[in-house]
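Here's the letter readout for the chains.
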There are 2 protein chains.
Amino acid sequence: MLPFEVTVLGSSSATPTATRHPTAQVLNIHERFFLLDCGEATQIQLRRFKFKIQRIDHIFISHLHGDHYLGLPGLLGTMHLLGRDKELHIYSPPGLKEIIDTNHYHSKTFLNYDLNFHVLEGKSSARIFEDDKITVETIPMNHRIPCYGFLFKEKEPLRNIIGEKIAEYNIPVQQIQEIKKGEDFISPEGKRIPNSELTLPPHPARSYAYCSDTLYNESFIEQIKNVNLLYHEATFAEDKAERAIETHHCTAKQAGAIAQKANVKKLIIGHYSARYKDLDVLLNETKQVFENTVLAIEGETYKVE
Amino acid sequence: MLPFEVTVLGSSSATPTATRHPTAQVLNIHERFFLLDCGEATQIQLRRFKFKIQRIDHIFISHLHGDHYLGLPGLLGTMHLLGRDKELHIYSPPGLKEIIDTNHYHSKTFLNYDLNFHVLEGKSSARIFEDDKITVETIPMNHRIPCYGFLFKEKEPLRNIIGEKIAEYNIPVQQIQEIKKGEDFISPEGKRIPNSELTLPPHPARSYAYCSDTLYNESFIEQIKNVNLLYHEATFAEDKAERAIETHHCTAKQAGAIAQKANVKKLIIGHYSARYKDLDVLLNETKQVFENTVLAIEGETYKVE
């Protein structure tokens, strides 16, 4: 099965620590790489965990708080210095182009590739990307400034053709793709072989919901219902529930409640306040509500099988 | 003797590696902390090496290439989140205020302390800071955009009063500062004790020259003559001498030539191109010209004794 997996590059909230970086994740879907947020030092984390920077063609920025985008100007510069010439797509709320342009104006930087900014606006979900394999939708968050999560959904995968049947019926290569899509095979003698004899059903389409900074917010539960993997911010433990409200963030327990109400298969929590040296306090509080929870740990990859 | 020492936080040129960060240094002069450049991830390096972020009141940015300032917005935000209320001084070529303001506008950030931008302009050296202990002058570099190095000079230190003499002549506390400045002591009986009997000469005033990105440039040799410690960029080895000229940088050997011509006591080289995994090639080439050279290594502190 082609990969559908996310690697955490940064797990900290606004103030990084000596060991935890601001938010960033790399999503690998079928060997296509998508960057989710780009906090300071993301390019260094990408190198540390041996990702190929130039394979990223789409960067999704949830919102314009510094801990979610301040690594972007440096990453863009490095892509340029390493010889990039293919277009890069950046999705974010309004303002990011002006920020990047201001940096480039003063550093007299002229990138050798095109930046294509896709501006995210409005209070309802929108499909912002689609190719032959996946779709990406925004998930409107409730934060202090405009903020969006992102829902990645694999399209219905093709059926798996049975190798022996290709030999048995001498199926020409150019018809295999159609059979994988569900067509029957008509032999040269005119005999119809039903698709069900030639193929096995595909694995179910996989999905990942990335819910970055938000006040506790049930409005997107329908949208993320039954996803395979949910990342949800969990900045504070329950003793700081008031601080969570003030800053438009969630507690670990609230992240668990969203996962439970949305009936997701697995939950990753992250965006930890720097005050928590031992993250088990957060994990344990989430698990009281939703058992199948794991901590976002930098360098770890979470696979959807 | 009060400290006069520099700690390297970042040693890489524009493209960082998995282990080398963009340029930044902390200078500790008499327990006052000055930040020199602020490449991406400087705030994380400050934490890693256990510096107290809020003790930095003056930040000197050599120029507006991203690898020298992209850590600044994040550091300013962290100072704010950690409760800073005292003014911060930032020295840089024109444009940095606009960059910071654009970031803050879109993130709706309102710092709880004042930023005082000091704009560096012109082609000759200027004194940009002075207090009771030190002076700081710009050192004009020759780079692709306006760029300045910085020369930190300790003022003539006070003489060292001899402890036993205080007791012997029963010298009142309130007169000690004047004696350290070179005054004689007049006893209650009217007897003049010459300063030379009461004090020992101070250590010579110390100095540090920070010469960041520049084409090979002899124009500042007179200014940095005889400094105790020189940092000079050494981006390339000699086999990339042409590339150094194209990009307005120096080779390791050229850094050594500047140190030798300026008769400095010790040289630190840094700002290494990512292509050099083993830095000894750079160090050896510099040492052929100037023996007392060391590599800038992240986390290491270089003391002027």
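Residue numbers run consecutively from 1 along every chain, following the written order of its sequence. By the order in which they are written, chains take letters starting at A while ligands take numbers starting at 1. Two thresholds apply to this predicted model, a pLDDT of at least 70 for residue-level local features and 80 or more for giving and counting side-chain atom pairs, whereas whole-chain, interface and lining totals are computed over all residues.

Draft legend 1. A look at the nonpolar core. Note on terminology: a nonpolar core is a set of buried residues of type Ala, Val, Leu, Ile, Met, Phe, Trp, Tyr or Cys, with members joined through C-beta atoms within 7 Å. Field definition: a residue is buried when 20 or more other C-beta atoms are found within 10 Å of its C-beta, exposed when 12 or fewer are, and partly exposed for counts in between, with C-beta atoms placed from the backbone. Core analysis: the biggest nonpolar cluster contains 70 residues, and A:Leu35, A:Ile139, A:Phe150, A:Tyr208, A:Ala209, A:Ile224 and A:Leu230 have the highest contact counts within it. Numbered from the N terminus, helices here are DSSP runs of H or I no shorter than four residues, and strands are runs of E no shorter than two. Among the elements that line this core, the one with the most residues is helix α10 (residues 252-262) of chain A, at five residues. Core analysis: the second largest hydrophobic core is formed by 69 residues, B:Leu88, B:Ile100, B:Ala209 and B:Ala255 among them.

Draft legend 2. How the structure looks around the interface of chain B and chain A. Our contact criterion uses C-beta atoms placed from the backbone: two residues qualify when those atoms are within 7 Å. Listed by partner, the interface residues are 33 residues for chain B and 33 residues for chain A. Mapped by element, the contributors of at least two residues to the side of chain B that touches chain A are α1 (42-48), α3 (72-81) and α4 (96-107) of chain B. A total of six residues in the side of chain B that touches chain A trace back to one element, the largest contributor, which is α4(B). Note that Gly is not counted as nonpolar here; it falls among the polar residues with everything else outside the nonpolar set of Ala, Val, Leu, Ile, Met, Phe, Trp, Tyr, Cys and Pro and the charged set of Asp, Glu, Lys and Arg. In terms of residue class, the side of chain B that touches chain A is built from 12 nonpolar, 15 polar and six charged.

Draft legend 3. Expanded view of the domain arrangement of chain A. Considered domain by domain, chain A is made up of domain 1 (4-156 + 205-303) and domain 2 (160-200). Put simply, the middle of domain 1 of chain A and the middle of domain 2 of chain A, counted by C-alpha atoms, are 42 Å apart. Per the annotation, domain bounds derive from an automatic or database assignment of domains.

Draft legend 4. Region of interest: the relation of the copies chain B and chain A. Overlaying chain B on chain A yields an RMSD of 0.1 Å, the required transformation being a rotation through 180 degrees with an accompanying axial translation of 0.1 Å. Taken together, the rotation and translation relating the two chain copies correspond to the operation of a two-fold axis. It is B:Ala41 whose C-alpha, among those of chain B, lies nearest the rotation axis, at 2.7 Å. Counting the interface residues of chain B, we find that 100% of their copies in chain A are interface residues as well, pointing to one common contact surface. The copies were overlaid with a least-squares fit restricted to C-alpha atoms from residues scoring a pLDDT of at least 70 in each copy.

Draft legend 5. Seen up close, unusual backbone geometry. Its identity as a non-glycine residue notwithstanding, A:His30 has a phi of 55 degrees, on the positive side. The class of A:His30 is partly exposed, set by 14 C-beta atoms lying within 10 Å.

Draft legend 6. α3(B), seen in detail. For α3(B), the tally of buried residues reaches eight of 10 residues, placing the bulk of the element in the interior. Here the buried face of α3(B) lies against α2 (66-69) of chain A together with β3 (32-38), α1, α2 (66-69), β5 (88-92) and α4 of chain B.

Draft legend 7. Quick look at the sheet that holds strand β6 (residues 115-119) of chain B. Residues and elements named next belong to chain B. Two strands are counted as paired when DSSP detects at least two bridges linking them. Taking strand neighbours across the sheet as the criterion, the seven strands line up as β6-β5-β4-β3-β2-β1-β18 in an open arrangement whose pairing is mixed. Here the strands that pair on one side only, and so sit at the sheet edges, are β6 and β18 (301-303). Strand-to-strand twist of the sheet, defined as the mean angle between neighbouring strand axes without regard to direction, takes the value 20 degrees. For strand β2 (residues 24-29) and β3, the ladder comprises six bridges, and the chain directions are antiparallel. Residue pairing for β3: Ile29 is matched across the bridge by Arg32. Lines fitted to C-alpha atoms define the axes here, with helix axes fitted over just the stretch in contact, and angles between the N-to-C directions of these axes take values from 0 to 180 degrees.

Draft legend 8. The pairing of strand β8 (residues 134-140) of chain A, seen in detail. Residues and elements named next belong to chain A. With five of seven residues buried, β8 is to be regarded as a mostly interior element. Hairpin connection of strand β7 (residues 127-130) to β8: three residues between the antiparallel strands. Pairing analysis gives seven bridges linking β8 to strand β9 (residues 148-154), with the strands arranged antiparallel. Note on β9: the bridge partner recorded for Ile139 is Gly149.

Draft legend 9. Up close: the environment of B:Pro94. Residues and elements named next belong to chain B. When you line up the elements, Pro94 lands in the loop between β5 and α4. Sequence separation of Pro94 and Val119 is 25 residues, and the distance between their C-alpha atoms is 5.6 Å. Ignoring sequence-local partners within four residues, the contact set of Pro94 consists of Val119 and Glu121.

Draft legend 10. Geometry of the sheet that holds strand β16 (residues 266-270) of chain B. Residue and element names in this part refer to chain B. One open sheet accounts for seven strands, arranged β7-β8-β9-β14-β15-β16-β17; its pairing is mixed. The open sheet has two edge strands with one neighbour each: β7 (127-130) and β17 (293-295). Along the sheet, successive strands turn relative to each other by an average axial angle of 20 degrees, direction set aside. Of the strands in this sheet, β16 and β17 touch helix α11 (residues 280-287), which is tilted by about 170 degrees from β17.

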